[in-house]
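Geometric and topological summary
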Amino acid sequence: MAGPMTTTPALETRHPVDFEPSWLGQQTYLSRRRPMKIDAAVVLSVTICLLTLIPSRLVLPGLTGLGRPAMVLAIMTVAWWILVKLSPRLVMRGRQPIRWIALLLLVDMLVSYAVGYGRGLTMMEANSADRWMLQAAAMCGLMLLASDGISNWERLKAVLKAFVWCAAFMAVVGVLQSFLALDITTYFVIPGLREGAEAADIVARGGGIRVASTATHYIEFSVVMALALPFGIHFAAFAPTSKARQTYWALAGLIAIAIPLTISRTGIICAVLAMLVVASVWTWRLRYNLFVIALVFGAVLAGTKPSLVGTLLWMFTGASEDPSITSRTDRYQMVLDFFVQRPWFGRGTGTWVWPQYQYLDNQWFATALENGIVGVAALASLHICAIVLVAVAWRRSKTAADRHLAAALMSTQITAIAASATFDSLSFTTYVVLIAILVGLCGAVWRLTHPERLVRTASVSVGKI
C-alpha cells in the first residue's frame, strides 16, 4: 500500500545526518548517537505515556487537576532546561526560534497575571490564575526540551512513535466505551493516585454514544486522535519492513475509527484539515488507496451504525439549529462587552473561570478576555512560528520521509488553530501537554535540517544525563 513512499531500512533507522558529530569545544567532537540512559526523548515519551494511559481524573494526593503525573513531570522539565542553560558545558549551542516564542508567551502571561491581581481577584479567580501560571511553565518546559533536547532524527521519531502507540491505546478504550456503553476507565486503579475529578459521562447524542477515553472531554479526545492520525499514517507509509507497515496501518486505523465515535464536530473538522495538509505530499497511489479505504470505512459504519452516521451528517447540515452552535454565537455580544473593558492585556491570565463566568467554548475568545490583544497575538505567534519553522524544514528536506514528517507536524499546528476556535483548548491538560510537545518538535525538525552544522548538531555536550 505504501508504494514508492516507503524507504529502505537503513534510511528509516539510520538517518545520514545523525552521524554528524556535535561540537564540544576546541577541536573536540562527540557523536550524537552515543547512548544515554535518560535523554529528552525518554522524558517526553514517558510524559506522553503518563498523560494518555492514565485517566485524566487520577491525580497525586493533595493536588488538583495539575496533579496529574504527566503535568508534574512537565513542570519539572522547565527546571531541567534552566539548569542545562546555566552550565557552560551543557548549554545548547546554536539558534532556536522556539526559545523566543516561549519567552514571549510566558512574559505575556506574567504581565496579564499581574494585571489581574491589580484589578482585584476573587478567590476562585486567584486560584485559577495560579494554576494557569504553573501550566504555562509546563508548556514552556516541554517546548524547550523538545526543541533543544532532541539529539537526532531517530530520537525524534521515537517520541512520535510513542505518541502513536499511546493514541491507539486511547482509541481502543474509546471503542470499547462506545460498543459496551460503559466507561471502563472507572476500573483503572493506579496505586498512589486519587480521584481528582469525575470521569466524563457516557452520554447519548443523536443516534450514538459520546466517549472520552482517558481524556477529560469528548472534544479533547477527538482532537488528540486528529493530532495523532498523520503520524500513524507516516510510520505506516515509511516503515522499513512489511510487518511494521501492517502494524502502523492497524494503529492508524484504530485512531481513525475513534474519531467519529466521539460524535464531535471539532474532531471531524480537525481530522479533515490534517489529512488535507499531509495529502499534499502523498503520492497519487497513496491518495487513491486511502480514499478507497475511507469510502469502505464509511460504508461499513453506515451499515453497522446507521443512526451514528445520520447524527454525524446532521451535525453539519443542521448546524444552524444545533444548540451547541447557537449557544456559542449567543455569547458573542457578551464577549465583546467584556473585551472592550480591558482590550490590551485582558482581565488576567486564567481568570475567566467557570462557574463564576460562562463557558465560552472558544479558546481565542477566552485568551482575548484573559490576556487581551497581546495575548491573542502571542498565542497565534506560537502556532504561526511553528508552521513557518516546519515549512522551512520541509523545504530543506531531501527525502520523501523527511518532507512527509514535516507536513505531519505542520498539520498539528493548523489543527490546533482550528480546534481552539471550537473549545476551550488550554483548559484541558491532555491537549496542552501534547500541543506543547508538538510545537517543540517543530523547532527540533527546523534545527535538524539547518544548513549550519553547529545548529544542526547542537546537543547536550557531556556525559550521560
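Placed above this text is the structure.
As the structure is a computational prediction, the values presented were derived from the model and not from experiment.

The rules we used
Residues numbered from 1 in each chain as written. Predicted model: local features only at pLDDT ≥ 70, side-chain atom pairs only at ≥ 80, totals over all residues. Heavy atoms only, no water. Helix = DSSP H or I, 4+ residues; strand = E, 2+ residues; numbered from the N terminus. Core = buried A, V, L, I, M, F, W, Y, C linked by side-chain atoms within 4.5 Å. Buried < 20%, exposed > 50% of the residue type's maximum accessible area, 1.4 Å probe, protein only. Contact = heavy atoms within 4.5 Å. Axes fitted to C-alpha atoms, helices over the stretch in contact; angles between N-to-C directions. Parallel < 35°, antiparallel > 145°, perpendicular 65-115°, else oblique. Left-handed = near helix turned anticlockwise from the far one by under 90°. Disulfide = S-S within 2.5 Å. Phe/Tyr/Trp six-rings, centres within 6.5 Å; stacked < 30°, edge-to-face > 60°. Lys NZ or Arg CZ within 6 Å of the ring centre and 35° of its normal.

1. Topic: unusual backbone geometry
Backbone torsion omega between W354 and P355 reads 10°, so that peptide bond is classified as cis. Among the secondary structure elements, P355 is positioned in the loop between α13 (332–339) and α14 (363–396). Although it is not a glycine, D361 sits at a positive phi angle of roughly 55°. Structurally, D361 is set in the loop between α13 and α14.

2. Brief notes about the nonpolar core
Ranked by size, the top nonpolar core spans 120 residues in total, and within it M143, L156, F163, M225, F231, L438 and L441 carry the most contacts. Beyond its immediate stretch of four places on either side in the chain, M225 contacts A167, M170, A171, I255, A258 and I259. Counting seven residues, the second-largest nonpolar core is a separate cluster that includes W352, L360, A366 and L369.

3. Focus on the packing of helix α15 (residues 400–419) against helix α16 (residues 429–448)
Following both chains from N to C, one finds α15 and α16 inclined at 140°, their axes separated by 10 Å at the closest point. Taken together, the axes of α15 and α16 lie oblique to each other. Handedness of the α15/α16 crossing: left-handed. Contact residues: L409, T412, Q413 and A416 in α15; Y431, I435, L438, V439, L441, C442 and V445 in α16.

4. Regarding the state of the cysteines
In the structure shown here, the tally under the stated rule is zero disulfides. Not engaged in a disulfide, the cysteine C49 finds its nearest cysteine sulfur in C166; these two sulfurs lie 3.6 Å apart. Residue C49 is classed as partly exposed on the basis of its relative accessible area, which comes to 27%.

5. So, the packing of aromatic side chains
For the coordinates displayed, the defined rule picks out 12 aromatic pairs. Plain terms: the ring middles of F169 and F188 are 6.5 Å apart, the flat faces sit at 35° to each other, and that makes the pair tilted. Here F188 lies in the loop between α6 (153–180) and β4 (194–195) and F169 lies in helix α6, a separation of 19 residues in the sequence. By relative accessible area, F169 is classed as partly exposed at 31%. Where F338 meets W352, the ring centres are 5.1 Å apart and the plane angle is 85°; that geometry is what we call edge-to-face. Remark: W352 occurs in the loop between α13 and α14 and F338 occurs in helix α13; sequence separation between them is 14 residues. Take W352: its relative accessible area is 11%, and that puts it in the buried class. Here the aromatic cluster, defined as three or more aromatic residues joined through ring pairs, consists of W165, F235 and Y248. Seen from the ring of W284, R287 lies directly overhead, with NZ or CZ sitting 4.4 Å from the centre.

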